[in-house]
Amino acid sequence: MLKEEREGQLDRSTTMVVLEKAQIEVLKASLRGELIQPGDEGYDAARKVYNGMIDKRPALIARCADVADVIAAVNFGRENGLLVSIRGGRHNAGGLGICDNGLVIDLSLIRYTRVDPEAGTIRVGGGSTWGDVDHATHAFGLAVPSGIISTTGVGGLTLGGGLGYLTRKCGLAIDNLIAADVVLADGRFVTADEQHHADLFWALRGGGGNFGVVTSFMFKTHPIHTVYGGPMLWELDQAPEVIQWYRGFITQAPDDINGFFAFLIVPPGPPFPEPLHSKHMCGVVWCYTGPMEKAEETFKPIREKFPPALDFVGPIPHPALQSMFDALYPPGLQWYWKADFVNELSDEAIQLHIKHGSKVPTMHSTMHLYPVNGAAHHVGKHDTAWSYRDTTWAEVIVGVDPDPANKNRIIDWARNYWDDLHPFSAGGAYVNFMMEEGEERVRASYRDNYERLAAIKSKYDPANFFRVNQNIRPTT
Ligand SMILES: Cc1cc2nc3c(=O)[nH]c(=O)nc-3n(C[C@H](O)[C@H](O)[C@H](O)COP(=O)(O)OP(=O)(O)OC[C@H]3O[C@@H](n4cnc5c(N)ncnc54)[C@H](O)[C@@H]3O)c2cc1C
């Protein structure tokens, strides 16, 4: 186990609770969904998460079919003193959807959507993916702000904040959350919104899975159907000028323009042109949501200033942009994440980015700088639990590779990169881009919202029943 992961361990050591067969049978009989145990066919598939580096062996996986199943599973976990994890889309970097020896509340069957086009809202089951939401909303010419990969779970991404292609135009995913149905640690079911359990609703918007199991989310939708977007790549020797220009551009650009900066290696296959295969490059992945007839003229000066070596930017249906990189990142790869918020990109920091960005170790590894401005800055830092409203970027360095033998290589690269850049950061990091890094890092990520979160945690989950997450400890 890695040092920082060891230091970050909460009391999840779970004295193995021995469950009577009869107790398990009672739970099994009370579920509409499935209860999966070690030895069952399908156990190994059911315990897998997206990050192939995570290998945990739960005692029980309750694949809940509805809210009643979730209530039964929460009550069973609490009454039997089990460690409990909540699993939505399985994407969490540190594998926080699963646990050793405990009970996994798996929401993957609670996967539904219902668009209300007149109200401009969508109700989404707690185990849905963003691909489900994009599919449902697109039919109505609508969209909800999420991330950049459609297989990511609505649950984890939203509760941690939700940064992606539409952040500058529509804010974070949480800024578009209207209400959430929640099963609390004591088994009660509540709906949280601005009028009801407003403290809980505040905490859910950024505080992660600390407060209960969200069985349903209600979001505001936006009239976005086809965007003008995709990747633009440049040779690495242009990286200094491109990144210097980008830092000024994206902080001044209209909210209609979103673009995240990346260092990457070009995949060695179609649709990428052969001369670029396996090359280290830098790029920006754009998403423009302004009037389509203005798109070409908006991007013309960029293309003239820095003629790209690859230009896949054009009109594209929003769900197609959202799923453009899905195939490149199938489940089961090895992932190691390091992250920070960044207020300013100094020339010195840019030098260091180029030093490490030009040594991306494997084809899937990458560094992204996601803009956190535009509409995300229209919400105050105390208005939701998500504190870093005054930052400019969420930086994420991800070492990724299919081969476990390359684990140390990708970890070393990500750590060395992060170690050099961290002194230039704003202090904390986006919780959804972190592995388990300990309480201090979690506190740093919530800053002065942490104490309020801890007080709300004390009210709704005083025993820290939901602790397999970026944990906020109750004050009591
Ligand atoms: C390939 C990839 C791309 C990503 N891209 C983005 C991106 O563009 N933008 C971004 O913001 N993030 C992104 N992320 C990070 C992502 O937001 C987190 O990994 C998030 O935790 C994933 O949520 P999940 O439901 O899939 O995860 P899971 O592993 O299923 O769950 C993670 C945690 O979320 C909580 N949780 C999940 N569902 C619920 C629920 N219904 N109720 C209560 N708690 C719940 C639990 O605490 C759980 O421990 C990406 C991750 C990956 C792997």
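Preceding this section is the structure that the text describes.
Residues numbered from 1 in each chain as written. Predicted model: local features only at pLDDT ≥ 70, side-chain atom pairs only at ≥ 80, totals over all residues. Heavy atoms only, no water.

1. Here's the deal with the pattern of salt bridges
A pair can form between side chains of opposite charge whenever their charged atoms are brought close.
Part 1 of the reasoning: Enumeration over the complete set of coordinates arrives at 28 salt bridges.
Part 2 of the reasoning: Arg-389 serves as the salt-bridge partner of Asp-175, at 2.7 Å between the closest nitrogen and oxygen. Here Arg-389 lies in the loop between strand S16 (366-371) and strand S17 (393-401) and Asp-175 lies in the loop between helix H7 (167-170) and strand S7 (177-183), a separation of 214 residues in the sequence.
Part 3 of the reasoning: Residue Asp-340 is joined to Arg-441 by a salt bridge in which the shortest nitrogen-to-oxygen separation is 3.4 Å. Residue Asp-340 is located in strand S15 (residues 334-342), and its partner Arg-441 is located in helix H14 (residues 439-446); the two are separated by 101 residues in the primary sequence. (Salt bridge = Lys/Arg side-chain N within 4 Å of Asp/Glu carboxyl O. Helix = DSSP H or I, 4+ residues; strand = E, 2+ residues; numbered from the N terminus.)

2. Topic: unusual backbone geometry
Most peptide bonds adopt trans geometry, and most residues besides glycine take a negative phi value.
Part 1 of the reasoning: With an omega of 5 degrees, the peptide bond between Pro-270 and Pro-271 qualifies as cis.
Part 2 of the reasoning: Turning to its location among the elements, Pro-271 is positioned in the loop between strand S11 (257-265) and strand S12 (280-288).
Part 3 of the reasoning: The backbone phi angle of Arg-447 is positive, close to 45 degrees, even though this residue is not glycine.
Part 4 of the reasoning: Under the relative-accessibility criterion, Arg-447 is labelled partly exposed at 27%.
Part 5 of the reasoning: Of note in this structure, Asn-464 is not a glycine but carries a positive phi near 55 degrees.
Part 6 of the reasoning: We classify Asn-464 as buried; its relative accessible area is 10%. (Buried < 20%, exposed > 50% of the residue type's maximum accessible area, 1.4 Å probe, protein only.)

3. Focus on the sheet that holds strand S1 (residues 34-36)
Part 1 of the reasoning: Read from one edge to the other, the open sheet built from four strands follows the order S1-S2-S4-S3, with strand pairing classed as mixed. Edge strands, defined here as strands with exactly one partner in the open sheet, are S1 and strand S3 (84-87). In this sheet, adjacent strand axes meet at a mean angle of 20 degrees when their direction is disregarded. (Pairing = 2+ DSSP bridges. Axes fitted to C-alpha atoms, helices over the stretch in contact; angles between N-to-C directions.)

4. Thoughts on the site of the ligand
Part 1 of the reasoning: What surrounds the ligand is a group of 35 residues, the closest being Gly-88, Arg-90, Leu-96, Leu-163 and Tyr-430.
Part 2 of the reasoning: Here His-91 contributes a backbone N or O atom positioned 3.1 Å from an oxygen atom of the ligand.
Part 3 of the reasoning: Its free accessible area being 940 Å², the ligand has 97% of it covered by the protein chains.
Part 4 of the reasoning: When residues of the shell around the ligand are traced back to their parent elements, those giving at least two are S3, helix H6 (154-160), strand S9 (213-220) and S15.
Part 5 of the reasoning: Top contributing element to the shell around the ligand by residue count: H6, with four residues. (Near = heavy atom within 4 Å. Polar contact = N/O pair within 3.5 Å; in protein donor to acceptor, adjacent residues only side chain to side chain. Areas by Shrake-Rupley, 256 points an atom, 1.4 Å probe, with all protein chains shown as cover.)

5. Observations concerning the packing of helix H12 (residues 347-357) against helix H13 (residues 407-421)
Part 1 of the reasoning: Contact geometry for H12 and H13: axes closest at 10 Å, N-to-C directions at 170 degrees. Here H12 is positioned roughly antiparallel relative to H13, judged by the angle of their axes. Where H12 approaches H13, its residues Ala-349, Leu-352, His-353, Lys-355, His-356 and Gly-357 are matched on the opposing element by Trp-413, Asn-416, Tyr-417, Asp-420 and Leu-421.
Part 2 of the reasoning: Within the contact of H12 with H13, the residues separate by chemical class into five nonpolar, four polar and two charged. (Parallel < 35°, antiparallel > 145°, perpendicular 65-115°, else oblique. Contact = heavy atoms within 4.5 Å. Nonpolar A, V, L, I, M, F, W, Y, C, P; charged D, E, K, R; others polar.)

6. Considering the nonpolar core
Part 1 of the reasoning: Phe-261, Phe-263, Trp-286 and Phe-433 are the most contacted members of the largest nonpolar core, which totals 91 residues.
Part 2 of the reasoning: Judged by nonpolar contacts, the second largest core, of 37 residues, contains Trp-202, Phe-211, Ala-385 and Val-442. (Core = buried A, V, L, I, M, F, W, Y, C linked by side-chain atoms within 4.5 Å.)

7. A short note on the packing of helix H2 (residues 21-30) against helix H4 (residues 67-79)
Part 1 of the reasoning: Contact geometry of H2 with H4 gives a least axis separation of 9 Å together with a crossing angle of 165 degrees. On the basis of their axis angle, the class for H2 and H4 is roughly antiparallel. Every pair of crossing elements has a handedness; the one defined by H2 and H4 is right-handed. Here Gln-23, Leu-27 and Ser-30 of H2 come into contact with H4, specifically with Asp-69, Ala-72, Ala-73 and Phe-76.
Part 2 of the reasoning: Here the contact of H2 with H4 is built from residues that sort into four nonpolar, two polar and one charged. (Left-handed = near helix turned anticlockwise from the far one by under 90°.)

8. Describing the sheet that holds S7
Strand pairing within a sheet occurs via backbone hydrogen bonds; the two strands may be parallel or antiparallel.
Part 1 of the reasoning: As summarised here, the arrangement of the five strands in space is S5-S6-S9-S7-S8, forming an open sheet in which the pairing is antiparallel. Where the open sheet ends on each side, the last strands, each with one partner, are strand S5 (113-116) and strand S8 (189-193). Strand-to-strand twist across the sheet, computed as the mean angle between neighbouring axes with direction ignored, equals 15 degrees.
Part 2 of the reasoning: Relative to S9, S7 runs antiparallel, the two sharing six bridges. Note on S9: the bridge partner recorded for Val-183 is Val-213.

9. Some details on the environment of Ser-108
Part 1 of the reasoning: The residue Ser-108 is located in the loop between strand S4 (103-106) and S5 in this model.
Part 2 of the reasoning: C-alpha of Ser-108 to C-alpha of Ala-65: the two residues are 43 residues apart in sequence and 8.2 Å apart in space.
Part 3 of the reasoning: Ignoring any residue separated from it by four or fewer positions in sequence, one finds Ser-108 in contact with Arg-63 and Gly-127.

10. Some details on the pairing of strand S2 (residues 60-63)
Part 1 of the reasoning: Because side chains alternate across S2, one face comprises the buried residues Leu-60 and Ala-62, and the other comprises Ile-61 and Arg-63, equally buried.
Part 2 of the reasoning: Two strands pair when backbone bridges link them, and S1 and S2 are joined in this way by three bridges, in the antiparallel orientation. Across the sheet, the residue bridging to Leu-35 is Ala-62, located in S2.
Part 3 of the reasoning: With four bridges connecting them, S2 and S4 associate as parallel partners. Counterpart to Ala-62 in the pairing with S4 is Ile-105.

11. Let's talk about the pairing of S7
Part 1 of the reasoning: Extensive coverage of S7 is indicated by the burial of six of its seven residues.
Part 2 of the reasoning: Inspection of the sheet shows S7 paired to S8 by five bridges, in the antiparallel sense. When the bridges of S8 are listed, Ala-180 appears paired with Ala-192.
Part 3 of the reasoning: Where S7 hands over to S8, the hairpin turn is made up of five residues, of which Gly-187 adopts a positive phi near 90 degrees.

By themselves, these figures tell us nothing about what the structure is for.
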